[in-house]
Structure formats: C-alpha cells, structure tokens
Amino acid sequence: MQAAPITLFDFDSELETPFSPKVWAIRLLLNYKEIPHKTTYVHFPDIGTVLAAAGAPPTRQVAPLYTVPAIIDGDKAISDSRLIAGHIERTYPARPVPLQGDAQQLAVRNVEFLFYPLIVPNTMNHLDERDAAYFIQTRRVMFRKELHEICPPSRREEAVRAIEAGLIELSDFVGAESHEGWVFGKDGPAYADFELLRLFLWLKIAGFPGAWDRIKELNGAKWGRLFIAAEPYINIE
Ligand SMILES: N[C@@H](CCC(=O)N[C@@H](CS)C(=O)NCC(=O)O)C(=O)O
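In this report, the structure presented in the accompanying data block is examined. Everything numeric in this text was worked out from a predicted model, so none of it was measured. (Residues numbered from 1 in each chain as written. Predicted model: local features only at pLDDT ≥ 70, side-chain atom pairs only at ≥ 80, totals over all residues.)

1. Structural notes on the packing of helix 1 (residues 21-32) against helix 3 (residues 81-91)
Here's step 1: Two elements in contact, helix 1 and helix 3, have axes whose closest approach is 10 Å; the angle formed by their N-to-C orientations is 10°. With respect to helix 3, the axis of helix 1 lies roughly parallel. Facing Lys22, Ala25, Ile26 and Leu29 of helix 1, the residues of helix 3 in contact are Ser81, Ile84, Ala85 and Ile88. (Axes fitted to C-alpha atoms, helices over the stretch in contact; angles between N-to-C directions. Helix = DSSP H or I, 4+ residues; strand = E, 2+ residues; numbered from the N terminus. Parallel < 35°, antiparallel > 145°, perpendicular 65-115°, else oblique. Contact = placed C-beta atoms within 7 Å.)

Shown next as structure tokens:
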C-alpha cells in the first residue's frame, strides 16, 4: 500500500508540457498503472543539488552526474529510468507492464539517437535564460559542436529520412502490433512501448515542427496507432 504519492522529478521549461523523454517513459508507466504521483520540476543547473538532497544517486560518471527521471517512493530515492521501472513493476504488480529483455531495449536505442538532431538544437528555445546557458554549455561538451551545428536547416530533411529508415527496420523487428496498437507488448503495453513513445512525445513537444506528422503515418500508420493507444496515459500529475 502506497503511503504517499510518488515524487517524480522532471526538468522545468517554458513549454506547457514537460518534454524530458526518459521521464515520459516513467510517467506513462505510472499513469498506465494508475499509481498516484506528483511531478517536481527542477531547473537544469540545480539538478545535482536537488537530487543529492533527495538522496537520489547519480547515474553518470562524467558531468552531468545527476539525471531525471528520479523518484522518491516512501523511504526510497531511485534514479535511472530502467531501475525505476523495475522498482515500480516489483512494488506495484497490478496492470503488469513487462520490462522484456535487452533486445527490445536495444531496438529502441537504435532509433533513439536518430531523434537528437531534430530536437536537441531546438530545446534551448524552450528554456529560460539560465537553463538555456547551462544547456548550450553542456551540449557543446556532449556533442563536441555548437547547438546550431548539430542539424542546420539544410540537413533537416536528411534527419527526418534517417528516422524513417530506422523506424522501417524497427517495424520489421516488432512485427504486427496488438489489436490495441502496442507494438512490443501483445496483451497490453510492454515498457519498451513507453520507451518508444517517449521519443515520439519528445519530438512532438520539443522538436522541429512537422516531423512527427510525417513519422506517425509511416509503416501503415503503425506509430500513429501506438500513440493513440497511449493517449489515455499522456497526463501530467
Ligand atoms: N540512464 C538515465 C539517463 C537519463 C537522462 O539522460 N536524462 C536526461 C534528461 S531526459 C538528463 O537528466 N540529463 C541531464 C542534463 O541534461 O543535465 C536514465 O535512463 O534515466
């Protein structure tokens, strides 16, 4: 029995809807499993201080050391989306969402990096001045280039086509979707469905406009149907 709602840490932004992809996977999981929770928003430069104070461990060995999602559930503070998903599934087994294995996780990872060029350069436009300065500086180190060099307008079409090619391969890997529209889970969603949906939500919320409208139609609109299956769980608490 849950003593208090779970605290879910996410990044603040000037958008109406939070955009951090890995947090969305956990939010979809919590919503699907009907687990009470409340989002706590953190500014990018404050993440280390806030999560260390909450007792959530760092997830990386080089800066940025601390990442969202992190949760507080009773006396436990947990970081890293897969560890959080494992904890949630073990602690709240009703409405099961199987974590499946490495192959499914890898299949999503293989398309994940294709989304970066269409989202990362645009993200600074959604942040306040202090967050944007932090974002520009950290991404310069991560990508070893300036944000505007990651995907100049002349390369956007190429970036959309790269996602399309990746999703065509993914479509072969997952095969036919369930009658509800889930592509990894056959009797309801698997966690990999939420990991894939987080990329679609990230693109839709924070990416260059128009890309999602093309992608959702691909592979006989398989991805659009997956999104429709998830729509009841796209709520922010
Ligand atoms: N392995 C971690 C990675 C999470 C991650 O990279 N989160 C991003 C946001 S989606 C983050 O917090 N980045 C820290 C930063 O940008 O400073 C997980 O799966 O939870």
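2. A word on the site of the ligand
Here's step 1: By nearness alone, 14 residues border the ligand, and Ser20, Lys22, Pro64, Thr67 and Ser81 come closest of all.
Here's step 2: Mapped onto the shell around the ligand, the elements with two or more residues apiece are helix 1 and helix 3. (Near = placed C-beta within 6 Å.)

3. Things to note about the nonpolar core
Here's step 1: Formed by 62 residues in total, the largest nonpolar core has its most connected members in Ile26, Leu29, Leu197, Phe200, Trp202, Leu203 and Leu226.
Here's step 2: Ranked by residue count, the leading element in this core is helix 8 (residues 191-206), at 11 residues. (Core = buried A, V, L, I, M, F, W, Y, C linked by C-beta atoms within 7 Å. Buried ≥ 20, exposed ≤ 12 C-beta atoms within 10 Å, placed from the backbone.)

4. Quick notes on unusual backbone geometry
Here's step 1: With an omega of 5°, the peptide bond running from Val68 to Pro69 counts as cis.
Here's step 2: Inspection of the secondary structure assignment puts Pro69 in the loop between helix 2 (47-54) and strand 3 (70-73).
Here's step 3: Even without being glycine, Arg144 reaches a positive phi, approximately 55°.
Here's step 4: Within the element layout of this structure, Arg144 appears in the loop between helix 5 (129-143) and helix 6 (147-150).
Here's step 5: Here Ala221, not a glycine, exhibits a phi torsion of approximately 65°, which is positive.
Here's step 6: With respect to the helices and strands, the residue Ala221 is situated in helix 10 (residues 218-230).
Here's step 7: Classification of Ala221 as partly exposed rests on a count of 13 C-beta atoms within 10 Å.

5. Brief notes about the sheet that holds strand 3
Backbone-to-backbone hydrogen bonds join strands into a sheet, with any given pair of strands oriented parallel or antiparallel.
Here's step 1: As summarised here, the arrangement of the four strands in space is 2-1-3-4, forming an open sheet in which the pairing is mixed. Each edge of the sheet is formed by a strand with only one pairing partner; in this case those strands are strand 2 (37-42) and strand 4 (76-79). The mean angle between the axes of side-by-side strands here comes to 20°, regardless of whether they run parallel or antiparallel.
Here's step 2: Relative to strand 4, strand 3 runs antiparallel, the two sharing four bridges. Bridged to Ala70 within strand 4 is Ser79.
Here's step 3: Across the sheet, helix 2 lies against strand 1 (6-11), strand 2, strand 3 and strand 4, angled at about 25° from strand 3, the strand it touches most. (Pairing = 2+ DSSP bridges.)

6. Some words on helix 7 (residues 156-174)
Along an α-helix, residues three or four positions apart point the same way, because every turn accommodates 3.6 residues.
Here's step 1: Helix length check: helix 7 (19 residues) gives 27 Å between terminal C-alpha atoms against 27 Å at 1.5 Å per residue, within 8%.
Here's step 2: Within helix 7 the residues assigned to the buried category are Ala159, Val160, Ile163, Leu170 and Val174. Down the axis of helix 7, the buried set is contained in an arc of 95°. They therefore lie on one face. In this structure, helix 7 carries Glu157, Glu158, Arg161, Ala165, Ile168, Glu169 and Asp172 as exposed residues pointing more than 90 degrees from its buried face.
Here's step 3: Elements that come into contact with the buried residues of helix 7 comprise helix 4 (102-123) and helix 9 (211-215).
Here's step 4: At the C-terminal side of helix 7, Gly175 shows a positive phi close to 75°. (Expected span 1.5 Å × (residues − 1). Arc of directions from axis to C-beta.)

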